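Spelled out from the first residue to the last, the chains are:
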Amino acid sequence: MDVRYPSRVGLAREYTPLEKLDGASDALGAEVWLKRDDMTGVELSGNKVRKLEFLLADALASGADTVITCGGEQSNHCRATALAAAKLGLRSVVVLRTADPNAPPAPTGNILLDRLAGAEIVWISPEAWKARDEVLAREADRVRAGGGAPYVIPEGGSNALGAWGYVRAAQELAEQLRELPARETTVVYACGSGGTGAGLILGQKLGGLGAEDVRIAGVNVCDDRDYFVRVISDICRAFDADYGFESGVDERDIDILDGYVGRGYAKSRPEELALIRQVARRDGVILDPVYTGKAFFGMTRELENDPRRFGGRVVFLHTGGVFGALAADLGLSD
Ligand SMILES: Cc1ncc(COP(=O)(O)O)c(C=O)c1O
């Protein structure tokens with residue numbers, strides 16, 4: 001793929017392993033592989049790091065000294081941003097959504113790491129979250145008023161620049177798939193703010209993943225199919241406009257497997273938690289309840305209904321989230 005990438009700071013361990021999951025493959029009667037983007041690093045782990053490589057290069061180029069971003073209370077993106085900022089000598093402000101900002105949750109999991117990295121945490125209510133871009137703009141004004149130079153990263157790092165992270169990952173995965181016997185393949189990923197999906201789809205459009213025999217399918221962990229078709233289309237349109245491409249991503253390119261949000265964002269059903277425990281015990285792999293556990297559950301259900309649902313091979317993109325899992329109740333009384 002001959003594409004000129006924007007500037008990037010090296011934060012992610014690239015060429016994460018592509019591993020066959022024997023236990024899951026046997027249980028589901030399908031060829032199940034795991035693309036281990038949970039191994040993009042230790043503290044800087046998961047999918048967000050790949051986006052931050054481009055976003056933080058832009059922050060540094062703009063002369064920023066403080067990065068500001070937002071997410072749910074156990075946001076992996078905010079944790080990765082806080083730690084990456086520390087590594088690059090930047091301050092960070094993370095705006096976190098919680099039920100009652102006057103009684104914020106205990107510092108566990110990602111929150112603990114936000115604190116450890118020295119991030120300033122601003123708690124906001126689900127109501128205030130609806131206008132999160134305005135909250136981010138206000139925080140930027142506050143940093144400016146204090147003499148700082150802010151750089152705002154939107155929710156999940158999901159914008160046109162952040163999408164480059166998964167354009168690059170698509171190229172990496174394509175190289176790895178070329179080492180395997182040719183087979184119709186579906187890449188399944190957890191969709192939370194759309195940036196990973198947009199990047200993968202753009203990467204394929206730009207020639208990174210073989211268009212004929214690789215499908216890309218997201219399992220939405222919140223909202224619904226229409227919402228993510230809109231969000232991903234918007235990111236792809238902005239990408240084309242900003243970088244002079246004509247990828248022309250449209251609704252037909254965006255495959256969202258709706259129906260697995262369950263009880264809602266970051267709320268688990270017993271059967272989802274049971275699968276997380278099963279995967280840990282059978283495959284030795286940790287999934288998190290908010291993203292990868294829900295998406296893996298969706299993929300599993302689809303395969304139980306039809307083992308050929310995803311063609312001859314399914315690659316589950318493990319996007320990380322282990323620190324969130326450590327703060328969650330995984331129903332371990334069994
Ligand atoms: C572990 C994990 N997986 C998947 C996602 C979803 O990725 P995206 O926000 O790019 O849709 C996120 C973040 O939202 C995440 O933290």
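1. Some words on the sheet that holds strand β9 (residues 255–256)
Thought 1: Sheet architecture is open: six strands sit in the order β1-β2-β10-β7-β8-β9, paired in mixed fashion. Of all the strands in the sheet, the pair left with one neighbour each is β1 (18–20) and β9.
Thought 2: Bridge count for strand β7 (residues 185–191) against strand β8 (residues 214–220) is seven bridges, and the pairing is parallel. Looking at the pairing, Thr185 lines up with Val214 of β8.

2. Points about helix α3 (residues 76–87)
Thought 1: With twelve residues, α3 extends 16 Å between its outermost C-alpha atoms, agreeing within 8% with the 16 Å of an ideal straight helix rising 1.5 Å per residue.
Thought 2: Burial within α3 is extensive, with ten of its twelve residues counted as buried.
Thought 3: For α3, every residue scored as buried is listed here: Asn76, His77, Cys78, Arg79, Ala80, Thr81, Ala82, Leu83, Ala84 and Ala85.
Thought 4: In the segment just after α3, Gly89 is the residue with positive phi, at about 80°.

3. A short note on the site of the ligand
Thought 1: Within the structure, the ligand sits among 20 residues, and Asn76, Gly192, Tyr291, Thr319 and Gly321 are positioned closest to it.
Thought 2: Elements supplying a minimum of two residues to the shell around the ligand: α3, β7 and α8 (195–205).
Thought 3: The biggest single contributor to the shell around the ligand is α8, with three residues.
Thought 4: Of the residues contributing to the shell around the ligand, the split by class is three nonpolar, 16 polar and one charged.
Thought 5: Three or more residues apiece are contributed to the shell around the ligand by two domains, here domain 1 (18–46 + 158–326) and domain 2 (48–156).

4. Some words on the domain arrangement of the chain
Buried accessible area, meaning the area lost when the parts come together, often serves as the stated size of an interface.
Thought 1: On domain assignment, one finds that the chain holds domain 1 (18–46 + 158–326) and domain 2 (48–156).
Thought 2: Just the C-alpha atoms count here: the centres of domain 1 and domain 2 sit 25 Å apart.
Thought 3: Between domain 1 and domain 2, the contact holds 25 residues from the first and 21 residues from the second.
Thought 4: Among the elements that line the side of domain 1 that touches domain 2, the one with the most residues is helix α7 (residues 160–178), at seven residues.
Thought 5: When grouped by side-chain class, the residues that make up the side of domain 1 that touches domain 2 number nine nonpolar, 14 polar and two charged.

5. Concerning the packing of α7 against α8
Thought 1: Relative orientation of the contacting elements α7 and α8 amounts to 50°, with a least axis distance of 7 Å. With respect to each other, α7 and α8 are oriented oblique. Of the two possible hands of crossing, α7 and α8 adopt the one that is right-handed. On α8, the residues that touch Gly162, Ala163, Trp164, Gly165, Tyr166, Val167, Ala169, Ala170 and Gln171 of α7 are Gly195, Thr196, Ala198, Gly199, Leu200, Leu202, Gly203 and Gln204.
Thought 2: By residue class, the composition of the contact of α7 with α8 is nine nonpolar, eight polar and no charged.

6. A short note on unusual backbone geometry
Thought 1: Positive phi, close to 50°, is recorded for Asp223, a residue that is not glycine.
Thought 2: Following the sequence through the fold, Asp223 ends up in the loop between β8 and α9 (225–243).
Thought 3: Phi at Ala266 takes a positive value of approximately 65°, unusual for a residue other than glycine.
Thought 4: Checked against the element boundaries, Ala266 lands in the loop between β9 and α10 (270–283).

7. Quick look at the pairing of β7
Thought 1: Extensive coverage of β7 is indicated by the burial of seven of its seven residues.
Thought 2: Alternating positions in β7 separate into two faces, Thr185, Val187, Tyr189 and Cys191 on one and Thr186, Val188 and Ala190 on the other, with burial throughout.
Thought 3: For β7 and strand β10 (residues 313–318), the ladder comprises four bridges, and the chain directions are parallel. Paired with Thr186 across the bridge in β10 is Val314.

8. Quick look at the pairing of strand β4 (residues 91–97)
Thought 1: Within β4, six of the seven residues are buried, which leaves it mostly tucked inside the rest of the structure.
Thought 2: Here strand β3 (residues 66–72) pairs with β4 via seven bridges, running parallel. Within the sheet, the bridge partner assigned to Ile68 lies in β4 and is Val93.
Thought 3: Looking at chain direction, β4 and strand β5 (residues 120–124) are connected through five bridges and run parallel. Note on β5: the bridge partner recorded for Arg97 is Ile124.
Thought 4: Between the parallel elements β4 and β5, the chain passes through helix α4 (residues 109–116) in a crossover that is right-handed.

9. Re the sheet that holds β4
Whether parallel or antiparallel, the strands of a sheet pair through hydrogen bonds between backbone atoms.
Thought 1: With parallel pairing, four strands are arranged side by side in an open sheet as β5-β4-β3-β6. One side of each edge strand has no neighbouring strand; the edge strands of this open sheet are β5 and β6 (150–152). Neighbouring strand axes in the sheet, compared pairwise and without regard to direction, differ in orientation by 25° on average.
Thought 2: Contacting β3, β4, β5 and β6, helix α6 (residues 132–145) runs over the sheet at an angle of about 155° to β3.

10. Quick look at the environment of Leu96
Thought 1: Positionally, Leu96 belongs in strand β4.
Thought 2: C-beta crowding within 10 Å serves as the criterion here: with 24 such atoms nearby, Leu96 is assigned to the buried category.
Thought 3: Each C-alpha atom, one on Leu96 and one on Gly72, is 5.3 Å from the other, the two residues being 24 residues apart in sequence.
Thought 4: If near-sequence neighbours (up to four positions away) are discounted, Leu96 is found in contact with Gly71, Glu73, Ser75, Cys78, Ile121 and Trp123.

Calculation notes
Residues numbered from 1 in each chain as written. Predicted model: local features only at pLDDT ≥ 70, side-chain atom pairs only at ≥ 80, totals over all residues. Pairing = 2+ DSSP bridges. Helix = DSSP H or I, 4+ residues; strand = E, 2+ residues; numbered from the N terminus. Expected span 1.5 Å × (residues − 1). Buried ≥ 20, exposed ≤ 12 C-beta atoms within 10 Å, placed from the backbone. Near = placed C-beta within 6 Å. Nonpolar A, V, L, I, M, F, W, Y, C, P; charged D, E, K, R; others polar. Domains from an automatic or database assignment. Contact = placed C-beta atoms within 7 Å. Axes fitted to C-alpha atoms, helices over the stretch in contact; angles between N-to-C directions. Parallel < 35°, antiparallel > 145°, perpendicular 65-115°, else oblique. Left-handed = near helix turned anticlockwise from the far one by under 90°. Right-handed = clockwise from strand over helix to strand, strands pointing away.

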